[in-house]
Amino acid sequence: MNFNKIAIITGLISITALGSCKKDFLNLKPYDSVTASEALKTESDLLVASRGMYSGLRNVDIYGRTIPVIGDLMADNIYISGKNSGRYTAQSNYSVTVTNAEISNNWTASYNVILRANNIINSTLPSSVNVDQYKGEAYAVRALTYFNLVRVFAKPYSDDPSGPGVPLVLKYDRDSKPSRNTVAEVYTQILADLDQAYTLMTKYSGSSAFSKFAARGLAAKVNLYKGDNTKALALANEVISTSGFTVTSTANYAAYWGSPTPNSSANKLETLFEVSSDNIANLGTDALAYIYSQAGYGDMLASPVLNGLYSATDVRKGLIIPGTRANVASLFVNKYPNTQNASDKDDTKVLRMSEVYLIAAEAAARLGGTNEVEALSKLNYLVSRRDPSLIYVSTGAQLINDILTERRKELAFEGDRYFDLTRLKLDVVRSTNYPATARTIPYTDSRRIAPIPQVERDVNPAVVQNAGY
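Residues numbered from 1 in each chain as written. Predicted model: local features only at pLDDT ≥ 70, side-chain atom pairs only at ≥ 80, totals over all residues. Heavy atoms only, no water.

> Can you help me understand the overall build of the protein chain in this one?
A count of helical and extended segments in the protein chain gives 19 helices and 8 strands. Relative to a compact globule of 469 residues, whose C-alpha radius of gyration would be 23 Å, the protein chain shows 22 Å and is just as compact. Counting all 469 residues of the protein chain, 57% fall into the buried class. Of all intrachain contacts in the protein chain linking residues separated by at least 6 positions in sequence, the fraction that spans at least 24 positions is 71%. For the protein chain, the exposed area adds up to about 18500 Å²; of that, 54% sits on carbon and sulfur atoms. (Helix = DSSP H or I, 4+ residues; strand = E, 2+ residues; numbered from the N terminus. Rg over C-alpha atoms; globule rule 2.2 N^0.38 Å. Buried < 20%, exposed > 50% of the residue type's maximum accessible area, 1.4 Å probe, protein only. Contact = heavy atoms within 4.5 Å. Areas by Shrake-Rupley, 256 points an atom, 1.4 Å probe, with all protein chains shown as cover.)

> What should I look at first to understand the packing of aromatic side chains in this one?
Describing an aromatic ring pair means giving the distance of the ring centres and the angle of the ring planes. Under the defined criterion, the tally for this structure stands at 17 aromatic pairs. Summarising the aromatic geometry, the rings of Y204 and F245 are spaced 5.4 Å apart at their centres and angled 80° between planes, so their arrangement reads as edge-to-face. One end of the pair, Y204, is in the loop between α9 (183-200) and α10 (212-226); the other, F245, is in the loop between α11 (229-242) and α12 (253-258), with 41 residues separating them in the sequence. Each member of the pair Y204 and F245 is classed as buried. With a centroid separation of 4.2 Å and 20° between ring planes, the pair formed by F210 and F273 is classed as stacked. (Phe/Tyr/Trp six-rings, centres within 6.5 Å; stacked < 30°, edge-to-face > 60°.)

> Looking at this model, I keep getting lost on the packing of α11 against helix α16 (residues 371-383). Mind explaining?
The relative placement of two packed helices comes down to the angle between their axes together with the axis-to-axis distance. Contact geometry of α11 with α16 gives a least axis separation of 13 Å together with a crossing angle of 45°. Considered as vectors, α11 and α16 are oriented oblique to each other. In this structure, the crossing between α11 and α16 has a hand that is left-handed. Contacts between α11 and α16 involve L233, N237 and I240 from the first element and N371, E374 and K378 from the second. Taken together, the residues that form the contact of α11 with α16 break down as 2 nonpolar, 2 polar and 2 charged. (Axes fitted to C-alpha atoms, helices over the stretch in contact; angles between N-to-C directions. Parallel < 35°, antiparallel > 145°, perpendicular 65-115°, else oblique. Left-handed = near helix turned anticlockwise from the far one by under 90°. Nonpolar A, V, L, I, M, F, W, Y, C, P; charged D, E, K, R; others polar.)

> Help me understand the nonpolar core, please; the structure alone is not making it clear to me.
One recurring pattern in soluble globular proteins is that nonpolar side chains are buried together. In this structure, L57, Y146, F210 and F413 are the most contacted members of the largest nonpolar core, which totals 131 residues. Residue contributions to this core peak at 14 residues, all from helix α8 (residues 129-153). (Core = buried A, V, L, I, M, F, W, Y, C linked by side-chain atoms within 4.5 Å.)

> Sorry if this is basic, but what is going on with the environment of T89 here?
Its place among the elements puts T89 in helix α6 (residues 89-93). For T89, a relative accessible area of 33% puts it in the partly exposed group. Sequence spacing of T89 and Y79 is 10 residues, and the spatial spacing of their C-alpha atoms is 9.7 Å. If sequence neighbours within four positions are ignored, T89 has contacts with I80, N84 and S95.

> What is the right way to read the pattern of salt bridges from this model?
Any two side chains of opposite charge can pair, on the condition that their charged atoms come close. Applying the stated criterion to the full structure yields 29 salt bridges. Taking the shortest distance from any N to any O, the salt bridge between K349 and E274 comes out at 2.8 Å. Here K349, found in strand β6 (residues 348-352), pairs with E274, found in strand β2 (residues 271-275); they are 75 residues apart in sequence, far enough to count as distant. Accessibility classification places K349 together with E274 in one group, the buried group. For the salt bridge of D314 with R316, the shortest nitrogen-to-oxygen distance reads 2.9 Å. Across the pair, R316 and D314 agree in class, each one buried. Several salt bridges converge on common partners, so that one network encompasses E270, D314, R316, K335, R352, R386, E406, K409, E410 and E414. (Salt bridge = Lys/Arg side-chain N within 4 Å of Asp/Glu carboxyl O.)

> What am I meant to see in the confidence of the model for the protein chain here?
Residues shown with low pLDDT carry predicted positions that ought not to be read at fine detail. On average, the protein chain scores 93 in pLDDT, and the residues at 70 or more come to 92%. Taken together, the stretch residues 1-26 has pLDDT below 50 and engages in 37 contacts with residues farther than four places along the chain or on a different chain. (pLDDT = per-residue confidence, 0-100.)

> Hey, could you run me through helix α7 (residues 101-121) in this one?
Over its 21 residues, α7 runs 30 Å from end to end, which matches the ideal 30 Å to within 8%, given 1.5 Å per residue. Counted residue by residue, α7 has 16 buried out of 21 residues, so it is predominantly covered. The N-cap of α7, judged by a side-chain oxygen 3.2 Å from the amide nitrogen of E102 a few residues on, is N100. (Expected span 1.5 Å × (residues − 1). Polar contact = N/O pair within 3.5 Å; in protein donor to acceptor, adjacent residues only side chain to side chain.)

> I tried to follow α8 on my own but got confused; where do I start?
Since there are 3.6 residues in each turn of an α-helix, residues three or four apart along the chain are aligned in direction. If you check α8, its first and last C-alpha atoms are 36 Å apart, about what 25 residues at 1.5 Å a residue would give, namely 36 Å. Along α8, 23 of the 25 residues are buried, which leaves the element largely enclosed by surrounding structure.

> Even after reading the chapter, I still don't get the side chain of N466, so can you show me in this structure?
As for its placement among the helices and strands, N466 is situated in the segment after α19 (454-459). A polar atom in the side chain of N466 sits 2.9 Å from the side chain of R180. When residues no more than four places from it in sequence are discounted, the contact partners of N466 are F153, R180, I449, A450, P451 and I452.

> Which parts of the structure should I look at to understand the pairing of β2?
Both faces of the sheet carry side chains from a regular strand, because those side chains alternate between them. For β2, a buried count of 5 out of 5 residues is recorded, marking the element as mostly surrounded by other parts of the structure. For β2 and β6, the ladder comprises 4 bridges, and the chain directions are antiparallel. If you follow T271 over to β6, its bridge partner there is R352. (Pairing = 2+ DSSP bridges.)

> How should I be thinking about the environment of A192 in this particular structure?
Mapped onto the secondary structure, A192 falls in helix α9. Expressed as a C-alpha distance, the spacing of A192 and S264, which sit 72 residues apart in the sequence, is 28 Å.

> I'm lost on unusual backbone geometry in this one. Help?
If a residue is not glycine, its phi is most likely negative; likewise, a peptide bond is most likely trans. Even without being a glycine, Y94 presents a positive backbone phi close to 60°. Along the polypeptide, Y94 turns up in the loop between α6 and α7. Backbone geometry places N327, a non-glycine residue, at a positive phi of 65°. Residue placement: N327 occurs in the loop between β4 (320-325) and β5 (328-333).

Listed below in structure tokens is the structure:
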């Protein structure tokens, strides 16, 4: 957002392509003044730009670590060990300020990703299969990034659609000082981008890049957060019935999480989209896995309350390992086991087929009536692949509660729990493992929404601050 500090193009093209003789070399513009139209001249340029866009999502304060961590830590799924590295204590204590490093960098890094996506979207290359694919992926990444921003820095759609959201920036303008669009306007843009992404994309190259069905799945989730259950159900069912993706079974669940390798173009198992890492492109000790692994920082431990939700026959319970840390009985999270894997690293799952089933189940249950039959069917389909001994027979409010419980169990340590509690306007109620001053955080508490970073307001006072900061 501080556009004076953001280069228009980051690592898009090789400097050697800019000149072929000494005279031309003398007339070159500074590297940071190359316009998008000058830099993005071929399909290959768009491909390189696309890779840079995806790498931006790996930033430590987006999907590299912060978004998944705060989504569980600020809720009730994980807590910080008494022996810790000092990371995320402000989020644990609900003492985040306008200068908090994680929140400030999340804002800046997110708008950097949006800028990279905008450069691809606004490129003037003529339409082709590849150009349309890259632009479609950019629309999807921009939508995903705005979805995260509006969830972190604004009240939910269910609270006040006309309330302040985040600034919508759809093209590069270094002198622009945009104000905050409404929450409704941000959601409208997100869903329009996802529709455009679905229309443009025709290829599936694996789970490390967006596909049309990943865009559809994300649109189902956005509509669920918006409260449009009819649309959420229709889109989730479209993915279930036409995408060809399958849900992991009980037998291959542990192997799925144990593998650091993303889906290939020939594999449609579980993961619709993930932010991938490998032995070269990874965050090392700043990666999500390292904050959980006892071979790393090991700061984040599973809540005993969460662990108690899994029965002995639930395959998901196997990813929580009892142990001792600093002579205290603890529950270690083993969903990201590849911190010591020299040849590959864990990816960050963003959207899985299991969640699409849960979206369909929740949306159908909230629609009520005969839709409850479908809701129960979708719920039990997923549960049969996690805990074959468990079969739900609930209806009405209890059915919705059961779906939310399974959502908590299925998506634990992936960063959704806090945002679910917020969209549903539920209080955060935590156990004695959490700081005494932050065990019950009502929905109405202003700390439930992050502050606009001071670094942004210093350069752009048009971005008004959230209440309470």
